[in-house]
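Listed here are the chains, written in short residue letters.
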Amino acid sequence: MLEIEGLNAYYGRAHILHGVGFSMGRGEVLALMGRNGAGKSTTMKAVMGLVPPQAGRVIFEGHTIVGREPFEIARLGIGYVPEERRVFSELSVMENLSVAQRPKREGAPHWTPERLFQLFPNLGRMRDRPGGAMSGGEQQMLTIARTLMGNPKLVLLDEPSEGLAPVIVEEMAKTILALKSEGLSVLISEQNLHFAGSVADRATIIEKGLIRFTGTMDELKADEAVRAQYLSV
Amino acid sequence: MTPVLEVRNLGKSFGGVRAVDDVSFSVEAGKLLALIGPNGAGKTTCFNMLNGQLPSDRGEVIFDGRTITGLKPREVWRLGVGRTFQITATFASMSVRENVQMALISHAGETWTLFGRAKDRHVAEADALLKQVGMLDQAERACGVLAYGDLKRVELAVAIANKPKLLLMDEPTAGMAPRERIALMALTAEIARERGIAVLFTEHDMDVVFAHSDAILVLDRGKLIAKGRAEEVRNDPAVRAVYLGSGATSGGH
Amino acid sequence: MIDLIFAQTLNGLASASSLFLVACGLSIIFGVTRIVNFAHGSFYMLGAYLAFTLVTRFGPADVFGFWGGVLVAALIVAALGAIVEIVILRRIYQAPELFQLLATFGLVLMVQDIALGIWGPEDKLGPRAPGFKSFVVLMGSRFPTYELFLIVVGPIMLGLLWFLFQKTRWGTLVRAATQDREMVGALGVNQRLLFTSVFAFGAGLAALGGALQLPREAVNLHMDLSMISEAFVVVVVGGLGSVTGAYLAAVLIGIIHAFGILVFPKITLVLVFLVMAVVLVIKPYGLMGERPVGSAHAHGPVEPLLLPASFNIKLIGLAALAVLLLAPFVVADHWLLTLTELSIFALFAASLHFMMGPGGMASFGHAAYFGLGAYGAALAVKWLGMPMLPALAFAPFLAGIAGFVFGWFCVRLSGVYLAMLTLAFAQIAWATAFQWVDVTGGDNGILGIWPAPWASSKLVYYYLALAICVAAILALRVVIFAPFGYALRAGRDSPLRAEAIGLPVMRIQWIAFIIAAFAAGIAGALFAFFKGSVFPTYMAIPRSVDGLLMVLLGGVQTVSGPIVGAFAFMGLQEQLVKATMYWRFVLGASIVLLVILFPRGLVGTALAFAERRREAEPAPPVTAAPELAR
């Protein structure tokens, strides 16, 4: 459903992506792995149109999306959850959700606040609380819930486990598996191999703006040389 | 041996919620003490009270034999408390060396000098510090273009420029690759031992915490719920329930 | 007495309504687009002029004619706002904040000449509103019913706006975009449409404010800048982004004005300043405002390394200086005047750059210190009987003292707040010079400030000015590369880290503010003796913007940029004034074009161009990949 080929992107004047390419199938969880600064976040931002790619092709369900505005890409059914969470701190939980609300989409699970509160019971108990008054873990749940309100088919999750307590990280893993069981495709960027291993079907490794490895999670776990070289574990 | 830092019954409330509630602990020279706990447990609040960024409601902070409660961050720094931040904070328009020189200039009380090039001051001392953190070969580069892990090491050099007795590190390895994390904390531990610096750090990476701390404090909802060596804390059922979980996603800790 | 207080309170409340509408639009536009819209006063003025024309055409006595005219005027200006957003602003959202500000000031200049061309220079007196022509007697004094109507308009609009922002989807989107506009786009909201609609809405509010003033006061060509500076005060006092805060502040300012006229008729603006000062000491981000989240450097390029001049640049500098020294032997006499003026403005630009570049404090009101230097010299000559040299030495201290007082307040704020506050202070300095006729001569200025006999020839005064300006500019450079300059930059790059290594950021910025004011004062004093007279216009907003233009045109990130900018800008302006009566329009249009074409400034663009050429040669790719830990 997502095909990326020869993606090149600059961040300011630094050339970050040097021809990234990989593809994802429907209902798949793919882990985009690599060190800090390897280009994981930039890849996601380039797909989303937040960092305009200079060259390359991104095809989502038959639509070429390079050069489109972020809001158009979102409307095609790609949801983006940024690393820094970026909840609207002065808006309540309900308002945060309402900003992202989009009409029902063919071929994607349909989300309402009530359905999301079943997935994230904590949020249901703080509907009127401003986003800024929530803890880091709660904000992480809110930002995912908010993105789901757009009824995406594909969700880009940038470093979902970063800066979270181990118990919350476990909860996050369960959430991702729940989304997968709804039929959603999920691309996560991750440095934590334990976490990626517990949710992803396949992994692709990016290093210095190039893809260096693509394979199933089991293949990655078996390949000590690749892990040592690119993930420094 | 008297501790470098002693915290007694520290407390802080925000709108009736006790963010930090009756917390006491101490750190000794050359030791690394880890402060862990769920998000929103009060770790950062605690840190901000230690270096004077936030006033405390209750309790006392004793550093090097004197009470520092109520002092400003600048004054706390002058007494010998260094700090690094969760998100790296360096001077982007200066080179790596100039970042360290800036700290040395401030430490030497030369901030108000209006003449003479800042670039020519404390060069040898700055280079010695950069050598210690392994950044000497990048001394001329701008901080704005450095890789994240390197920035963290520059921060470390800046933080120890005033020869602190205590170093406060807020999530020092956040955003780094696993092996870089271990390497940075190994470096920190080495410097701490060599210079007799007491280190207090918060961290979410259990590999780092269990490998590089002499003792661990666990904070939950503002209260200290456990305190001790790695094995004691790891096997504490209360800590497992509120923080560590089953260990499935954190490498079996 | 009671009835007088009552009457003045009502007066204040009535004038607050328009102010509220304008300030509120300014605040909303800034919130979403992050653009400080200098042209907001122009929308207000256009609203008033258009309403005048439309009401006159539709029939001023007719209820529909009048109110229809007012509403249609607001709608037309809203549509104009949308066009401005689509044609100009949309192209510069990625440019640094100050460049956007300059573009909007370019618009101010264009609108001034358009209004002059269409409506002419005479004031236009509007008709009274049908249905509100009479008086009511309240507590013994006669009170126009239209004033009462305006008093009611304020709270009603406040209620409507509250409902709009809290209870409608559009309002929720606006509030969300105010916090993180990029994220709103990534969530599927059509950002362009949102920005255009917000800008049009804000422009419409300003125009409505202007149109409603029609029965109260004559429409004139100075409404724009006087309103924008008051609106800045309201926004700073009320808290940026707060509609309720804007209303409270507008009422406060309106009432102070009304009472100020009773108590201190000559220095009403000083009263406004005092109140603003008190509010900001207690609540630095305004009555209802909060500390802005995120850093002031939200966008714009990363600061490059600041390096001392390379050998080549030094050579160019020396060559330029040699040209300036030898010029009198080559060029015609009248060119000396131009060169003297250019030297003075190069120092003015360098002093502004000192606080804007290394200090990170943008000033919209730097002309205040230039003007105070000029007035310092003039007052020293006129009231103290000083000769030229002592007067030149005395004058900068007046500017420095103003920097000492104003700076104390300004450094407590950052970013746009700081800039708006500097503008407000400059307006106070201007108003003092304008209103305190006994001392400053008011609008007539102070004449007869001539150099000492030995320096009265064009040639000698040129060399004198050149020597002082070059020395002062070099001194500023030395400070920039000295420990103090580094500490100043440290505070700009990362206040958090600077405080953590023991640097008292606020105090450092305060000292820098005073130094910059002092240096501008030197330039001002030289200018006074150069022109032989001083006028309040030396401190007016356009002169402050001239300074900003010079610095930004040259490039704020380089130390020599402002000097290049000063020469480029003054040259351009001089040619335009000679060429056309509508030079403001042409200048404004050039500014807008320059911002669209060179978002980094002249020197910055040249540097970037040079760097790109270097990068085009095969070189290892610059990536942010870390090496493994050793």
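Because the structure is predicted, anything quoted here is derived from the model rather than measured.

Rules behind the numbers
- Residues numbered from 1 in each chain as written.
- Chains lettered and ligands numbered in written order.
- Predicted model: local features only at pLDDT ≥ 70, side-chain atom pairs only at ≥ 80, totals over all residues.
- Heavy atoms only, no water.
- Helix = DSSP H or I, 4+ residues; strand = E, 2+ residues; numbered from the N terminus.
- Rg over C-alpha atoms; globule rule 2.2 N^0.38 Å.
- Buried < 20%, exposed > 50% of the residue type's maximum accessible area, 1.4 Å probe, protein only.
- Contact = heavy atoms within 4.5 Å.
- Areas by Shrake-Rupley, 256 points an atom, 1.4 Å probe, with all protein chains shown as cover.
- Pairing = 2+ DSSP bridges.
- Axes fitted to C-alpha atoms, helices over the stretch in contact; angles between N-to-C directions.
- Domains from an automatic or database assignment.
- Buried area = accessible area lost by both parts, 1.4 Å probe.
- Salt bridge = Lys/Arg side-chain N within 4 Å of Asp/Glu carboxyl O.
- Polar contact = N/O pair within 3.5 Å; in protein donor to acceptor, adjacent residues only side chain to side chain.
- Nonpolar A, V, L, I, M, F, W, Y, C, P; charged D, E, K, R; others polar.
- pLDDT = per-residue confidence, 0-100.
- Phe/Tyr/Trp six-rings, centres within 6.5 Å; stacked < 30°, edge-to-face > 60°.
- Lys NZ or Arg CZ within 6 Å of the ring centre and 35° of its normal.
- Expected span 1.5 Å × (residues − 1).

### Considering the overall build of chain A
In step 1: Along its length, chain A carries 10 helices and 10 strands.
In step 2: Its C-alpha atoms give chain A a radius of gyration of 17 Å, within 12% of the compact-globule value 17 Å for 233 residues.
In step 3: With the principal axes as the frame, chain A shows a C-alpha extent of 50 × 35 × 35 Å.
In step 4: A buried classification covers 62% of the 233 residues belonging to chain A.
In step 5: For chain A, the share of sequence-separated contacts (at least 6 apart) that also reach a separation of at least 24 residues comes to 69%.
In step 6: Of the roughly 8200 Å² that chain A leaves accessible, carbon and sulfur atoms contribute 47%.

### Observations concerning the environment of Glu-69 of chain A
In step 1: Mapped onto the fold, Glu-69 of chain A is located in the loop between β5 (63–64) and α2 (70–76).
In step 2: Expressed as a C-alpha distance, the spacing of Glu-69 of chain A and Arg-35 of chain A, which sit 34 residues apart in the sequence, is 28 Å.

### Structural notes on the sheet that holds strand β2 (residues 14–24) of chain A
Residues and elements named next belong to chain A.
In step 1: Spatially, β2-β1-β4-β5 is the arrangement adopted by the four strands of the open sheet, whose pairing is antiparallel. Of all strands in the sheet, those with a lone pairing partner are β2 and β5, marking the two edges.
In step 2: Bridging between strand β1 (residues 2–11) and β2 involves eight bridges; their strand directions are antiparallel. By the bridge assignment, Tyr-10 is partnered in β2 with His-15.

### Re helix α6 (residues 169–179) of chain C
In step 1: Buried within α6 of chain C we find Gly-171, Thr-172, Leu-173, Val-174, Arg-175, Ala-176 and Ala-177 of chain C.
In step 2: Buried residues in α6 of chain C make contact with α3 (93–99) of chain A together with α1 (2–33), α5 (145–167), α7 (181–186) and α8 (191–212) of chain C.

### Let's talk about the sheet that holds strand β10 (residues 210–216) of chain A
All names here are of chain A.
In step 1: The strand order across the open sheet built from six strands is β6-β7-β8-β3-β9-β10, with neighbouring strands paired in mixed fashion. Looking at strand neighbours, the two that pair on one side only are β6 (78–81) and β10, the edges of this open sheet. This sheet shows a mean twist of 15° between the axes of neighbouring strands, independent of strand direction.
In step 2: Strand contacts of helix α7 (residues 166–181): β3 (29–33), β7 (154–158) and β8 (185–190), with the helix running at about 155° to β8, the strand carrying the most contacts.

### So, the domain arrangement of chain C
All names here are of chain C.
In step 1: We note that the domain assignment places domain 1 (2–220) and domain 2 (334–541) within chain C.
In step 2: If you average the C-alpha positions of domain 1 and of domain 2, the two centres end up 34 Å apart.
In step 3: Each partner contributes residues to the interface: domain 1 has seven residues there, and domain 2 has seven residues.
In step 4: On the domain 1 side of the contact with domain 2, Val-36, Phe-38 and Leu-98 bury the most area, a combined 62% of that side's loss.
In step 5: The interface formed by domain 1 and domain 2 contains zero salt bridges.
In step 6: Taken together, the links from domain 1 to domain 2 amount to zero residue pairs in polar contact (both at pLDDT 80 or more).
In step 7: It is helix α4 (residues 97–119) that contributes the most residues to the side of domain 1 that touches domain 2, four residues altogether.
In step 8: Of the residues assigned to the side of domain 1 that touches domain 2, the class counts are six nonpolar, no polar and one charged.

### Side note on the interface of chain A and chain B
In step 1: The interface is formed by 24 residues belonging to chain A together with 28 residues belonging to chain B.
In step 2: A buried area of about 1800 Å², summed over both sides, lies between chain A and chain B, and 54% of it is on carbon and sulfur atoms.
In step 3: The three residues of chain A that bury the most area against chain B are Pro-166, Glu-170 and His-194 of chain A, which together make up 29% of that side's buried surface.
In step 4: Note that Glu-162 of chain A and Arg-181 of chain B form a salt bridge whose closest N and O atoms lie 3.8 Å from each other.
In step 5: Between the two partners, chain A and chain B, sit one residue pair in polar contact (both at pLDDT 80 or more).
In step 6: The element best represented in the side of chain A that touches chain B is α7 of chain A, accounting for six residues.
In step 7: For the side of chain A that touches chain B, the per-class residue count stands at 11 nonpolar, 10 polar and three charged.

### A short note on the environment of Leu-91 of chain A
In step 1: Along the polypeptide, Leu-91 of chain A turns up in the loop between β6 and α3.
In step 2: Separated by 39 residues in sequence, Leu-91 of chain A and Pro-130 of chain A have C-alpha atoms that sit 5.2 Å apart.
In step 3: Leaving out residues up to four positions away in the same chain, Leu-91 of chain A has contacts with Asn-96, Val-99, Arg-129, Pro-130 and Gly-131 of chain A together with Thr-172, Arg-175, Ala-176 and Gln-179 of chain C.

### A look at unusual backbone geometry
In step 1: Notably, Glu-159 of chain A is not glycine yet its phi reads approximately 45°, a positive angle.
In step 2: Residue classification places Glu-159 of chain A among the buried residues on the basis of a relative accessible area of 4%.
In step 3: With a phi close to 55°, Asp-64 of chain B is a non-glycine residue in the positive phi region.
In step 4: Considering the arrangement of structural elements, one finds Asp-64 of chain B in the loop between β4 (58–63) and β5 (66–67).
In step 5: Residue classification places Asp-64 of chain B among the partly exposed positions, given a relative accessible area of 41%.

### Observations regarding the pattern of salt bridges
In step 1: Counted under the stated rule, the structure contains 35 salt bridges over all chains.
In step 2: Note that Asp-201 of chain A and Lys-180 of chain A form a salt bridge whose closest N and O atoms lie 3.0 Å from each other. Of this pair, Asp-201 of chain A sits in the loop between α8 (193–199) and β9 (202–207) while Lys-180 of chain A sits in helix α7, placing them 21 residues apart in sequence.
In step 3: The class for Asp-201 of chain A is partly exposed, based on a relative accessible area of 29%.
In step 4: Note on Lys-180 of chain A: relative accessible area 27%, which makes it partly exposed.
In step 5: Of the charged contacts, one joins Asp-21 of chain B and Arg-18 of chain B as a salt bridge, the two residues approaching to 3.6 Å between their closest N and O atoms.

### Regarding the confidence of the model for chain C
All names here are of chain C.
In step 1: Residues with a pLDDT of 70 or more make up 93% of chain C, whose mean pLDDT is 88.
In step 2: Predicted confidence in chain C is weakest over helix α25 (residues 602–616), with a mean pLDDT of 66, and strongest over helix α21 (residues 505–531), with 97.
In step 3: Here residues 294–301 is a poorly scored stretch, pLDDT under 50, and it has 10 contacts once near neighbours within four places are set aside; other chains count.
In step 4: Predicted confidence for residues 617–630 stays below pLDDT 50, and this span has 24 contacts to residues more than four positions away or in other chains.
In step 5: Confidence metrics for the complex model read pTM 0.86 and ipTM 0.93.

### Quick look at the packing of aromatic side chains
The description of an aromatic ring pair uses the distance of the two centres, along with the angle that the planes make with each other.
In step 1: Under the defined criterion, the tally for this structure stands at 35 aromatic pairs over all chains.
In step 2: For the pair Phe-527 of chain C and Phe-530 of chain C, a centre-to-centre distance of 6.2 Å together with 45° between the ring planes defines the contact as tilted. Here the residue Phe-527 of chain C and the residue Phe-530 of chain C both occupy positions in helix α21, the gap between them amounting to three residues, near one helical turn.
In step 3: Take Phe-527 of chain C: its relative accessible area is 2%, and that puts it in the buried class.
In step 4: Three or more aromatic residues link up through ring pairs in this structure, and these residues are Phe-345, Phe-348, Phe-370, Phe-527, Phe-530, Phe-535 and Tyr-538 of chain C.
In step 5: Against the face of Phe-88 of chain A rests Arg-146 of chain A, its NZ or CZ located 4.7 Å from the ring centre.

### Things to note about helix α22 (residues 541–554) of chain C
In step 1: In this model, α22 of chain C (14 residues) spans 20 Å end to end at C-alpha, consistent with the 20 Å of a helix rising 1.5 Å per residue.
In step 2: Phi turns positive one or two residues past the end of α22 of chain C, at Gly-555 of chain C, with a value near 110°.

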